[in-house]
Amino acid sequence: MANLLKDVVIDEKSRPKQLLLEKHVDYLLKYGKDANDFEFCTTEYLRMSGMYWVLTTLAVAKKLDTVQRDQFLDFIDECWDSSSGGYSACPGHDPHILYTLSAVQIAATLDAIERLPSDDIVRYVRSLQNPDGSFAGDRWGEVDTRFSFCAVATLALLGRLHLDDNDNDTDNNIDLESAVRFVLSCQNFDGGFGSRPNAESHAGLIYCCVGFLSVVRRLASIDGDTLAWWLSERQLPSGGLNGRPEKLPDVCYSWWVISSLTMLGRQRWIDSDRLKAYILASQDVETGGFSDRPGDLPDPFHTVFGVAALSLLGEPGLLQVSPTFCMPQQVIDRLGVTSQILS
Ligand code: FPP
Ligand code: ZN
């Protein structure tokens, strides 16, 4: 069946062709300085992840020395909920597994994992697993494959996910086999994955499921060719990638797709030069930062995924990024954490 293509036209003459890294660093260092800024106020509900996006971009740009380490670590402490063991997006909000992963990622990047209340975080992750192996995002019970990824990534970064045959299951604190079964049950006939069994294939959720399988080293359990075919179909004539058929290209999908293809050992299934050109064209040459599409307003979310995707595509001047964790590979190596990447 033919799919309708929706795409953008990029002006070849005026499009930015080089990575404007200094501008992006300035943009991120200024971001959040004005507590009354409208956009900053309206993103309070995801602040912890916002801090992870800013910190990760600065780290990948080799500018970690420009950040005030204690500001990040104090913020994490303020967001910790001692009764559940999890972290919230902002002080006073409810804890959630998404923000718990972001908090652990921030601490890991700042080499401060040992400051975290690891036993309590593990208790929180474990409390969210359902009998069918799936994970809820918080105590209100929404189930999504994003939360399966967050659960195992959090445990792995804390050094609390044990995959060796000699380890017994109680070491893992979660039921790993049922967690794997649930994620595998979300693979569709087209090769993609959705948020739950039978849910529509979506590139963001494919990253979560492939990332989950990479963390637990079970990538061999899936049909990689059909999945990589679906992912490669995401590339549009502009060079950009969409997240589902008939959607516009978007810089964040450069990350969700290229990281998944990299974990599957099939990065070459898309045209990386054309993708690079699309990502670079989505930079804001005046303010710095990346937007979803050329000409739109930039934000830290599209900035981290633009920069991280460029790193996976071999852009010089950037630290190597882990396709599994979306963090500098050197941080992952320092922790001694491994994930499966097919060659
Ligand atoms: C698109 O969302 C993206 C996803 C569904 C994946 C999100 C992944 C996580 C939260 C896991 C943690 C991530 C990292 C990098 C460590 P969207 O709401 O923008 O989708 P839409 O484009 O369909 O609106
Ligand atoms: Zn996007």
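Residues numbered from 1 in each chain as written. Chains lettered and ligands numbered in written order. Predicted model: local features only at pLDDT ≥ 70, side-chain atom pairs only at ≥ 80, totals over all residues. Heavy atoms only, no water.

**As for the coordination of the zinc ion (ligand 2)**
The coordination sphere of the zinc ion (ligand 2), as far as protein atoms go, consists of Asp250 (OD), Asp250 (OD), Cys252 (SG) and His302 (NE2), spread over 2.2 to 2.5 Å. Bound by four donor atoms, the zinc ion (ligand 2) shows angles of 55 to 117° at the metal and therefore irregular coordination geometry. Mapped onto the polypeptide sequence, the residues donating to the zinc ion (ligand 2) form the spacing pattern D-x1-C-x49-H. Of this pair, cysteine 252 sits in helix α11 (residues 251-263) while histidine 302 sits in helix α13 (residues 300-312), and the two are 50 residues apart along the sequence. Judged by relative accessible area, cysteine 252 falls into the buried class, the value being 5%. A relative accessible area of 9% places histidine 302 in the buried class. (Donors = N, O, S within 2.8 Å, 3.2 Å for Na, K, Ca; no water. Tetrahedral: all angles 85-135°; square planar, octahedral: opposite > 155°, others 65-115°. Helix = DSSP H or I, 4+ residues; strand = E, 2+ residues; numbered from the N terminus. Buried < 20%, exposed > 50% of the residue type's maximum accessible area, 1.4 Å probe, protein only.)

**A short note on the confidence of the model for the protein**
Averaged over every residue, the pLDDT of the protein is 95; the share at 70 or more is 97%. ipTM for the predicted complex: 0.97, alongside a pTM of 0.96. (pLDDT = per-residue confidence, 0-100.)

**Looking at unusual backbone geometry**
Although it is not a glycine, aspartate 111 adopts a positive phi angle of roughly 55°. Of note, aspartate 111 is situated in the loop between α5 (97-109) and α6 (118-127). Positive phi, close to 70°, is recorded for asparagine 198, a residue that is not glycine. Its location among the elements puts asparagine 198 in the loop between α8 (176-184) and α9 (203-215).

**As for the packing of α9 against helix α10 (residues 224-232)**
The contact between α9 and α10 brings their axes to 11 Å, and the two run at 145°. Handedness of the α9/α10 crossing: left-handed. For the pair formed by α9 and α10, the contact residues are Ala203, Ile206 and Val210 on the first element and Leu227, Trp230 and Leu231 on the second. Per-class residue counts for the contact of α9 with α10 are six nonpolar, no polar and no charged. (Axes fitted to C-alpha atoms, helices over the stretch in contact; angles between N-to-C directions. Left-handed = near helix turned anticlockwise from the far one by under 90°. Contact = heavy atoms within 4.5 Å. Nonpolar A, V, L, I, M, F, W, Y, C, P; charged D, E, K, R; others polar.)

**A few points about the site of ligand 1**
The immediate surroundings of ligand 1 are formed by 14 residues, with Leu98, Gln105, His202, Arg244 and Tyr253 found nearest. Histidine 202 places a polar side-chain atom, nitrogen or oxygen, 2.9 Å from an oxygen atom of ligand 1. The side chain of arginine 244 places a nitrogen or oxygen atom 3.0 Å from an oxygen atom of ligand 1. Protein contacts shield 70% of the accessible area of ligand 1, which totals 640 Å² for the unbound molecule. (Near = heavy atom within 4 Å. Polar contact = N/O pair within 3.5 Å; in protein donor to acceptor, adjacent residues only side chain to side chain. Areas by Shrake-Rupley, 256 points an atom, 1.4 Å probe, with all protein chains shown as cover.)

**Side note on α5**
Here α5 contains 13 residues, and its C-alpha end-to-end distance of 18 Å stays within 8% of the 18 Å for a straight helix at 1.5 Å per residue. All of the buried residues in α5 are Ile97, Tyr99, Thr100, Leu101, Ser102, Ala103, Val104, Gln105, Ile106, Ala107, Ala108 and Thr109. Those residues of α5 that are buried lie in contact with α3 (47-60), α4 (69-78), α6, α7 (145-157) and α14 (329-335). (Expected span 1.5 Å × (residues − 1).)

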